[in-house]
Amino acid sequence: MSTVTRLVDDRSEQASPAPEEKLYQFNESPLLARQSRQESNARSYPRRLPLALKRAGGIHVEDVEGRRFIDCLAGAGTLALGHNHPVVIEAIKQVLADELPLLTLDLTTPVKDQFVQDLFGLLPAALSSEAKIQFCGPTGTDAVEAALKLVRTATGRSTVLSFQGAYHGMSQGALSLMGSLGPKRPLGALLSSGVQFLPYPYDYRCPFGLGGEAGVKANLHYLESLLNDPEAGVQLPAAIILEAVQGEGGVIPADVEWLRGVRRITEKAGVPLIVDEIQSGFGRTGKMFAFEHAAIIPDVVVMSKAIGGSLPMAVVVYRDWLDTWQPGAHAGTFRGNQMAMATGSAVMRYLKEHNVADHAAAMGQRLSEHLRILQRDFPQMGDIRGRGLMLGVELVDPQGEKDALGHPPPFARLAPLVQRECLKRGLILEMGGRHGSVVRFLPPLVITAAQIDEVAQIFSRAFAAAVASL
Ligand SMILES: Cc1ncc(COP(=O)(O)O)c(C=O)c1O
């Protein structure tokens, strides 16, 4: 990639912070103090990102103290076009100028009709030609809930297969599909008796201890035998639900042959395949939808985040043979947010007209290249992975005992140090993955090459500082 300015290849830059570097300090401000006094103990981001934000534009946010940050969290991957993109602002102004009803339950309007046409225009023809759409309450979680009800009603079956490391939301049905036990443990009984967990093709930590093609083959073989062995102890499920790239689970892209295999096996067994594109959809992974990397057609696709063009919106799109549920089977007051439909349409049109998915693929490759160069100096950067601009680095402890595949253990202590050193240098990053040991990059998809280089440069200095502080 000759166009990459190899910023991080300068070893002297990595060895120590640049002398002129000004670091932000984070003393508790009155706003943050009041937030921690008044808001719930369940609040999460402010604990690691102690920011009170004032304004935003593009890839930047500014806090009340006038400090500027590059936002590689972007509303947990929601802001495809960054903050306050002109097409989004224009769409909002237009809704107000037209005096549209802002909330219409599930009644139709020209804005809603346009939204559906724009969305169906982004889907592969094999899906859009037989697609139905259900508007949901405005969170991704609610779309997952709707998808569960849809497939259970259509198949007459009740159980669901989900994957280790899966994240599908926080309501109790969606939570029962989650791999992580942390949020489930205090609740006691969920629907988990109806959910069976399967191994995800996590190549770096292959659950079969094999990795590569052998790991994928073993994984598919296991699924096939589970669904076809009359004594597997597992009922034929109402669906299998998966993320084509696990986000919260640690930015783990599923092998495309595995995705194709799952599609083949589920089709043969008559099990609907639900693909959760809430985080990975709308260009994030370098394709409009992450399942397109494998050229498969799911039966159900759940979408949220970027689909609302910065505002809350969630839908389920599914093949019409599943449309057997009854009127009112899934409802919710806030299914008719016209503003979000207008901004969603504007963003979808922009993504298509400007080939933003291709740009995201190129920018993701550029960032990966930077990270791989940095990895030469830092054995703590165990695995760099992802697709497009959904990237992560699994941090490992090089001194720790290696696993069956020869990989050192996760380095949970290092990840928050890296995140904090980045923040001090004006870069907001996310964390996730098993043991919280993955640092994640989810920047707006319109980030430029020069901005990617800047992110890489800040990250390299922050990483060096974090390692030095161990
Ligand atoms: C893959 C996936 N599914 C579901 C959800 C839940 O969406 P929400 O937080 O809007 O309920 C998320 C949120 O991060 C997600 O990443």
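These figures come from a predicted structure and were not determined experimentally.

Attention now moves to the packing of aromatic side chains. For the structure shown, the criterion picks out 13 aromatic pairs. Ring centres of F163 and Y200 lie 6.0 Å apart, and the angle between their planes is 75°; on these two criteria the pair is classed as edge-to-face. Of this pair, F163 sits in strand β5 (residues 160–163) while Y200 sits in the loop between β6 (195–198) and α10 (212–228), and the two are 37 residues apart along the sequence. When sorted by exposure, F163 lands in the same class as Y200, which is buried. Each ring, one from F282 and one from F289, has its centre 5.2 Å from the other, and the planes form 70°; the classification is edge-to-face. What makes F289 buried here is its relative accessible area of 0%. An aromatic cluster of at least three residues, connected via ring pairs, comprises F378, F441, F459 and F463.

This brings us to the sheet that holds strand β2 (residues 60–63). The four strands lie next to each other as β1-β2-β3-β15, forming an open sheet whose pairing is mixed. Two strands close off the open sheet at either side, each with one partner strand: β1 (53–57) and β15 (427–428).

Under the definition given, this model contains 23 salt bridges. Taking the shortest distance from any N to any O, the salt bridge between E430 and R48 comes out at 3.7 Å. In this pair, E430 sits in strand β16 (residues 430–432) while R48 sits in helix α3 (residues 45–48), placing the two residues 382 residues apart along the sequence. What makes E430 buried here is its relative accessible area of 2%.

This paragraph deals with the nonpolar core. Of all hydrophobic cores here, the largest spans 107 residues; its most connected members are F115, L119, W258, F282, M303 and F459. Ranked by the residues each element gives to this core, the list is headed by helix α15 (residues 449–468), at ten residues. Look past the residues within four positions of M303 in its chain and what remains in contact with it is L119, L123, A143, I278, F282, F289, M313, A314, V315 and V317. Counting 24 residues, the second largest nonpolar core, distinct from the first, contains V144, L148, L177 and V302.

Once that is clear, we can look at the site of the ligand. In the vicinity of the ligand, the contacting residues are T139, G140, T141, Y167, H168, G169, E243, E248, D276, I278, Q279 and K305. Contact between the ligand and D276: a nitrogen atom at 2.7 Å from a side-chain N or O atom of the residue. Taking 390 Å² as the accessible area of the ligand by itself, protein coverage stands at 84%. Its residues assigned to classes, the shell around the ligand comprises two nonpolar, six polar and four charged.

Scoring rules and cut-offs
- Residues numbered from 1 in each chain as written.
- Predicted model: local features only at pLDDT ≥ 70, side-chain atom pairs only at ≥ 80, totals over all residues.
- Heavy atoms only, no water.
- Phe/Tyr/Trp six-rings, centres within 6.5 Å; stacked < 30°, edge-to-face > 60°.
- Helix = DSSP H or I, 4+ residues; strand = E, 2+ residues; numbered from the N terminus.
- Buried < 20%, exposed > 50% of the residue type's maximum accessible area, 1.4 Å probe, protein only.
- Pairing = 2+ DSSP bridges.
- Salt bridge = Lys/Arg side-chain N within 4 Å of Asp/Glu carboxyl O.
- Core = buried A, V, L, I, M, F, W, Y, C linked by side-chain atoms within 4.5 Å.
- Contact = heavy atoms within 4.5 Å.
- Near = heavy atom within 4 Å.
- Polar contact = N/O pair within 3.5 Å; in protein donor to acceptor, adjacent residues only side chain to side chain.
- Areas by Shrake-Rupley, 256 points an atom, 1.4 Å probe, with all protein chains shown as cover.
- Nonpolar A, V, L, I, M, F, W, Y, C, P; charged D, E, K, R; others polar.

Functional significance is not addressed by these values, which are geometric in nature.
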